[in-house]
Amino acid sequence: MIPMAMSSSGSNLDDRIFGHGPAFRFRATAWVVAVLTSLMACTVTSAQTANSATTLQPPGTVAPTPSPAPVQPPPGAAPTLQPPTTAAPQPLTTPQTLSQLGQPDAFTGINDGFATDSAALGATRESFSAAPTAIGDFFGGGLSAFGGVQRVNNSYILSGNLLSGGPGQANAILGFDLPPNLRPPDDLFTTGLGIDASGDGNPDTFALAEPLPTSDAPTSPGAGFLFDSSTGQAVFVGNGGGTAAANGIFTDGQQWFVSYDYIAPVTPDGVNGRGGLIPVPGPGVATRRIKIGENYSPVVRDRCTFNYSFFNDAYAGLGDISRYTLGMERILVDGLLSVEARLPLAGTYASNQDLLRGQQSDFEIGNTALILKSILLSTENLVWAAGMGVALPTADDSRLQRGGRNLLVVHNESVNLLPFSSVFYRVNDDFCVQSLIQVDVAANGNPIYGDLTGRSLPKLGEFTDSTLIALDVAATQTLYRSCGGCRHRRRGLSLQEVLLNTELHYTGTAQESDFVSSNGLTYTNLSRNFNILNATMGLHLVLSNNLVVTPAMSVPLRDGLDEQFDYEAIVQVNYLR
């Protein structure tokens, strides 16, 4: 492998990334020696003529004496060393460079914008290859499930009027009328044979027929609601009121407890209480949850980033999704502290879905992340960093509708805290590893409002997302370096280095996801518990000291709902200041 080159931006890897280690102190000492040697040489050569040329003498030879008298150094200058012979004092020869002293020429051409050869760890404080980024893998979450059967109950205490049959007969038909209590009644009617619910041997409970649209009694409260015949009944309560069946024989004009329900499933397979769940948009599908390990390095640096991810055949029938993430990292304290902002955007499952229009897609803005990162420990080969990210609710609220009428509204109000810690270790000039562990915990929940009747939506509850734990491991190997054997790295845009990244990423829930259930309706995550394991491989193409382009591919290693996509095609761009 060609030795890694040292940049000439005026600092080396030790200076800003790995701290002032032994290599830095050795180079600094060499620099001081070179400066003192140069000053001494200038003192000697000032006594020579302008046209005289000093040549480097072979070892063991004595240079001719230019004058009978030895040259005296100026006051305060270091004394000229004299050989242990009787010969006249000799002037110093041409001063040696750091290369001739056996040290890397790391300080020449400081401002020329090139990199010079070095056997030491080869990257500058601005160099991407000094601490390359991990690529990442995460889909971003945001898909929820909504279902159940909403039930609307109607119940009254009404007078029962015999329309056919006699008092206490099982085949009697009774009619009921809501105010203004018309006679004959025309709102609700019994059907079928009566049964004995009180146990006294007399029929006292009858099934109730569905009210007709012309009835004064409430009919279907909205589209999709069906009459639940299993709940429609009239119960004889006598003159005592209440809801329990009374003993005795009913007669005309006595009181009955009349009750019936209309039910509406969220989906057709929810009829008769089965309540099927369907995928619905949570705030920011593919852009809700933030994974810091994407395009991440423990080193603090000034950079602008762009990430593109194409998710092929995302889970739960979402199809193909394209996500774009714009980012910027800025150093706050040189070599110690930085802040980064990320804004995800996606062509994805729309935040507004209508059950009558099929699945809709839209371009969505996700939740914005702010990430504060600090270097806790820095040595010649090691960096330990930690920090805190905050995901802010900038994505749209999500809505499920039927014919333009809201059935479900999820307000995006949750703020997520993202504490993390990461370690970077350079094994040698051409190989390094890094790892990151992150927790994603919701500081508060999202209010959930839902109703299938078309009326104003009552609050069903507050949904708190599950806590996630992420662990990422990445290894980077240098495959190619265009300038390993030359003195200067070329200016301009050209392929200068190729670095291979191989990565393994785990993301899992710390506990089962929350759910909200009220009035027969349930809202939860589509997958309440998951353990995602993905593998990523990509190439960092270093095109200049400032520009790095990274194509990559990520594939899931598990199936079921842990397989959130068939594959993820990735392109990342880093522009470093």
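Here we summarise the structure given alongside this text. Source: prediction; values computed, not measured.

Some points on the overall build of the protein
Point 1. From N to C terminus, the protein includes two helices and 30 strands.
Point 2. Across the 577 residues of the protein, 47% fall into the buried class.
Point 3. For the protein, contacts bridging at least 24 residues in sequence account for 69% of all contacts bridging at least 6.

Focus on the pairing of strand β25 (residues 497-509)
Point 1. Taken together, the 13 bridges between strand β24 (residues 468-481) and β25 define a ladder with antiparallel strand orientation. Within the sheet, the bridge partner assigned to Leu-471 lies in β25 and is Tyr-506.
Point 2. Taken together, the 12 bridges between β25 and strand β28 (residues 531-542) define a ladder with antiparallel strand orientation. Within the sheet, the bridge partner assigned to His-505 lies in β28 and is Asn-534.

Digging into a nonpolar patch on the surface
Point 1. Among the surface-exposed residues, Leu-504, Met-553, Val-555, Leu-557 and Tyr-567 lie close enough to one another that they form a single nonpolar patch of about 410 Å² accessible area.
Point 2. Among the secondary structure elements, Leu-557 is positioned in the loop between β29 (547-556) and β30 (567-576).
Point 3. By relative accessible area, Leu-557 is classed as partly exposed at 47%.

Some thoughts on the sheet that holds strand β19 (residues 405-410)
Point 1. Pairing in this open sheet of five strands is mixed, and the strands run β14-β18-β19-β22-β23 from one edge to the other. This sheet does not close on itself; its edge strands, each paired only once, are β14 (352-354) and β23 (459-463). The mean inter-strand angle of the sheet, taken between neighbouring strand axes irrespective of direction, is 20°.

Re the packing of aromatic side chains
Point 1. Following the criterion strictly, the structure yields 18 aromatic pairs and no others.
Point 2. Grouping aromatic residues by their ring pairs yields a cluster made of Phe-176, Phe-206, Phe-236, Phe-250 and Trp-256.

Side note on the side chain of Gln-401
Point 1. Along the chain, Gln-401 falls in strand β18 (residues 398-402).
Point 2. The residues touching Gln-401, leaving out its near neighbours within four places in the chain, are Gln-353, Asp-354, Leu-355, Asn-406 and Leu-407.

Overview of the side chain of Thr-453
Point 1. Position of Thr-453 relative to the elements: it lies in the loop between β22 (446-450) and β23.
Point 2. There is a polar contact of 2.2 Å between the side chain of Thr-453 and the side chain of Asp-451.
Point 3. With residues near it in sequence (within four places) discarded, Thr-453 still touches Gln-150, Val-152, Pro-221, Gly-222, Phe-225 and Arg-405.

Focus on unusual backbone geometry
It is generally the case that most residues other than glycine have a negative phi and that most peptide bonds are trans.
Point 1. One non-glycine residue, Asn-295, lies in the positive phi region at around 50°.
Point 2. Tracing the sequence through the fold places Asn-295 in the loop between β10 (277-281) and β11 (303-314).
Point 3. With a relative accessible area of 1%, Asn-295 lands in the buried category.
Point 4. Not every positive phi belongs to a glycine, and Ala-316 is a case in point at roughly 60°.
Point 5. Along the polypeptide, Ala-316 turns up in the loop between β11 and β12 (319-333).

Quick notes on the pattern of salt bridges
Point 1. Taken as a whole and judged by the stated rule, the model has 19 salt bridges.
Point 2. Here Asp-137 and Lys-291 are joined by a salt bridge, their closest N and O atoms 2.8 Å apart. A residue pair is termed long-range when its members are at least 10 positions apart, and Asp-137 in the loop between β2 (115-116) and β3 (143-159) and Lys-291 in the loop between β10 and β11 qualify at 154 residues.
Point 3. In this structure Asp-137 comes out as buried when scored by relative accessible area, which is 0%.
Point 4. One salt bridge connects Glu-462 with Lys-459, and the closest N-O pair in it is separated by 3.8 Å.
Point 5. Given the relative accessible area of 46%, Lys-459 is considered partly exposed.
Point 6. Salt bridges sharing partners connect three or more residues here, namely Arg-303, Glu-329, Glu-340, Arg-342 and Lys-373.

Digging into the pairing of β29
Point 1. Only one face of β29 is covered, namely the face carrying Val-548, Thr-550, Ala-552, Ser-554 and Pro-556; the face carrying Leu-547, Val-549, Pro-551, Met-553 and Val-555 is uncovered.
Point 2. Note: β28 against β29, seven bridges, orientation antiparallel. In the sheet register, Thr-536 faces β29, and the bridge partner there is Ser-554.
Point 3. Linkage of β28 to β29, two consecutive antiparallel strands, is achieved through a turn of four residues.
Point 4. With eight bridges connecting them, β29 and β30 associate as antiparallel partners.

Conventions used here
Residues numbered from 1 in each chain as written. Predicted model: local features only at pLDDT ≥ 70, side-chain atom pairs only at ≥ 80, totals over all residues. Heavy atoms only, no water. Helix = DSSP H or I, 4+ residues; strand = E, 2+ residues; numbered from the N terminus. Buried < 20%, exposed > 50% of the residue type's maximum accessible area, 1.4 Å probe, protein only. Contact = heavy atoms within 4.5 Å. Pairing = 2+ DSSP bridges. Patch = residues over 30% accessible without salt bridge, like charges linked within 9 Å, V, L, I, M, F, W, Y side chains within 5 Å. Areas by Shrake-Rupley, 256 points an atom, 1.4 Å probe, with all protein chains shown as cover. Salt bridge = Lys/Arg side-chain N within 4 Å of Asp/Glu carboxyl O. Axes fitted to C-alpha atoms, helices over the stretch in contact; angles between N-to-C directions. Phe/Tyr/Trp six-rings, centres within 6.5 Å; stacked < 30°, edge-to-face > 60°. Polar contact = N/O pair within 3.5 Å; in protein donor to acceptor, adjacent residues only side chain to side chain.

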